[in-house]
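# Results of the structural survey
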Amino acid sequence: MPSDDFADETITPELLLQAYAAGIFPMAESADDPNLYWVEPRERGIIPLDAFRVSSSLAKTVRSDRFTIRVDTDFDAVIDACAMTRADTWINARIRSLYGTLFDRGVAHTVEAWRDGKLAGGLYGVSIGGAFFGESMFHNERDASKVALVHLVARLRTGGYRLLDTQFVTPHLATFGAVALPRKRYRALLDEAIAADADFSAWATARVIGGAKALAALAVETD
């Protein structure tokens, strides 16, 4: 998908948050490239939170609680796994450091799928106001990242979020209802979302949420 890229070597956590609020995010050419560049896609991928789709087979997997879902318990393991599962990863050392700092500040979050004491899949992203910017996801077991995404959307809807940014639309994300928006339309939605109040911890202090509760938050039949 075409995009406008801007080279930059002085990105700080503060500048990174300002960039997100303006509709821009950083990437690296590869894991070994020490530099970052800004990206502003001409078309931006989002998943409308009120039109999120869960297939019947996935709902069955979520409901079964095959995976234990945890939030914000192992950021380093999640971002490491996201980098390792992509041959063309944009996650270099600077990305790890920047987003690790945001995690320490409570701005970046993970949703993790665990099974038998091992991290099976998950995702991480950045939360600003009522906008959540999904950065990357991975799976080591079938459906693990999908279940994590279902739990993320349930959490966002419960917490009053307005926007789930996916950066781009992939065939995989399209199955969940992801769509591409023109830049102008995206920025309007982004401005509204950034100004909104939302709470990523709306499910109180519970870090482990059952699948039935997640599906109920999405108005998916849980019987």
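Residues numbered from 1 in each chain as written. Predicted model: local features only at pLDDT ≥ 70, side-chain atom pairs only at ≥ 80, totals over all residues. Heavy atoms only, no water.

### Some remarks on the overall build of the chain
We count it as follows: Put simply, DSSP H or I for four residues or longer makes a helix, DSSP E for two residues or longer makes a strand, and each gets a number counted from the N terminus. Each radius of gyration reported is based on C-alpha atoms, and the globular scaling rule is 2.2 Å times the count of residues to the power 0.38. For every residue, the accessible area obtained with a 1.4 Å probe (protein chains only) is divided by the maximum for its type, and the residue is called buried under 20%, exposed over 50%, and partly exposed between those limits. Contacts were defined at the residue level, with two residues in contact if any of their heavy atoms lie within 4.5 Å. Surface exposure here means Shrake-Rupley accessible area, sampled with a 1.4 Å probe, where a residue is shielded only by the protein chains that are shown. All tallies of charge rest on Lys and Arg as positive and Asp and Glu as negative; His and the ends of each chain are not included. A charged residue contributes its charge at one atom only: NZ of Lys, CZ of Arg, CG of Asp or CD of Glu.
Helix and strand counts for the chain stand at eight helices and 10 strands. For 223 residues, the compact-globule estimate of 2.2 N^0.38 gives 17 Å, and the chain sits close to it at 16 Å. When burial is assessed residue by residue, the chain has 50% of its 223 residues classed as buried. When contacts within the chain are restricted to residue pairs at least 6 apart in sequence, those whose partners lie at least 24 apart make up 75%. Of the roughly 10200 Å² that the chain leaves accessible, carbon and sulfur atoms contribute 49%. Side chains of the chain give 24 positive and 30 negative charges; the mean places of these two sets differ by 6 Å.

### Section: the environment of Tyr 161
In plain terms, the rule: Any N or O atom pair separated by 3.5 Å or less is treated as a polar contact, with the protein-specific requirement of one donor-capable and one acceptor-capable atom, and with residues adjacent in sequence counted only for side-chain atom pairs.
Summarising the element assignment, Tyr 161 is placed in the loop between α5 (144-158) and β9 (163-167). Judged by relative accessible area, Tyr 161 falls into the buried class, the value being 8%. For the pair formed by Tyr 161 and Asp 197, sequence separation is 36 residues and the distance between their alpha carbons is 7.7 Å. Look past the residues within four positions of Tyr 161 in its chain and what remains in contact with it is Leu 49, Ser 127, Gly 129, Gly 130, Ala 131, Phe 132, Leu 156, Ala 198, Asp 199 and Phe 200. Reaching out from Tyr 161, the side chain makes a polar contact with the side chain of Ser 127 at a distance of 2.7 Å. Of the polar contacts made by the side chain of Tyr 161, one reaches the backbone nitrogen of Phe 200; its length is 3.4 Å.

### What about the packing of helix α3 (residues 75-84) against helix α4 (residues 93-104)?
Heads up, the rule is: Lines are fitted to the C-alpha atoms to define the axes, a helix being fitted only along its stretch in contact, and any angle between axes, read from their N-to-C directions, falls within 0 to 180 degrees. Between 65 and 115 degrees an angle is taken as roughly perpendicular, under 35 as roughly parallel, over 145 as roughly antiparallel, and anywhere else as oblique. Rotating anticlockwise by less than a right angle from the far helix to the near helix defines a left-handed crossing, while the corresponding clockwise rotation defines a right-handed one. Here the nonpolar group is Ala, Val, Leu, Ile, Met, Phe, Trp, Tyr, Cys and Pro; Asp, Glu, Lys and Arg are the charged ones; every other residue, Gly included, is treated as polar.
α4 packs onto α3 with a crossing angle of 150 degrees between their chain directions and a minimal axis gap of 11 Å. Judged by the inter-axis angle, α3 sits roughly antiparallel to α4. In this structure, α3 meets α4 at a crossing whose hand is right-handed. Taken together, the residues of α4 that come into contact with α3 (itself represented by Phe 75, Ile 79, Asp 80 and Ala 83) are Ile 95, Arg 96, Tyr 99, Gly 100 and Phe 103. Grouping the constituent residues of the contact of α3 with α4 by class yields six nonpolar, one polar and two charged.

### Section: the side chain of His 109
With respect to the secondary-structure elements, His 109 resides in strand β6 (residues 108-115). Within polar-contact distance, the side chain of His 109 engages the backbone oxygen of Gly 106 at 3.3 Å. Look past the residues within four positions of His 109 in its chain and what remains in contact with it is Asp 72, Phe 103, Leu 123, Tyr 124, Gly 125, Ser 127, Phe 132 and Phe 200.

### Examining the sheet that holds strand β5 (residues 68-71)
The criterion, for reference: Between any two strands, pairing holds if DSSP finds at least two bridges.
Taken together, the seven strands give an open sheet; going across it, the order is β5-β6-β7-β8-β9-β4-β10, and neighbouring strands pair in mixed fashion. This sheet does not close on itself; its edge strands, each paired only once, are β5 and β10 (179-182). On average, each strand axis in the sheet is inclined to that of its neighbour by 35 degrees, with strand direction left out of account. Pairing between strand β7 (residues 118-128) and strand β8 (residues 131-139): eight bridges, direction antiparallel. Counted as the bridge partner of Gly 121 is His 139 from β8. Helix α7 (residues 183-195) contacts β4 (43-46), β7, β8, β9 and β10 of the sheet and is inclined by roughly 100 degrees relative to β10.

### Re the packing of aromatic side chains
Short version of the rule: Ring pairs shown here join Phe, Tyr and Trp side chains whose ring centres sit within 6.5 Å, with only the six-membered ring taken for Trp; geometry is labelled stacked below 30 degrees between planes, edge-to-face above 60, and tilted in between.
Summed over the entire model, instances satisfying the criterion amount to eight aromatic pairs. Arranged with centres 6.0 Å apart and planes meeting at 80 degrees, the rings of Phe 25 and Phe 168 form a pair that is edge-to-face. Linking Phe 25 in strand β2 (residues 25-27) with Phe 168 in the loop between β9 and α6 (171-174), this pair joins segments that are 143 residues apart in sequence. Measuring from ring centre to ring centre gives 5.7 Å for Phe 132 and Phe 200, while their planes differ by 10 degrees; the resulting arrangement is stacked. Here Phe 132 is found in strand β8, whereas its partner Phe 200 is found in the loop between α7 and α8 (211-217), with 68 residues between them in sequence. Taken together, Phe 75, Tyr 99, Phe 103 and Tyr 124 form an aromatic cluster joined through their ring pairs.

The analysis is restricted to geometry; functional conclusions fall outside its scope.
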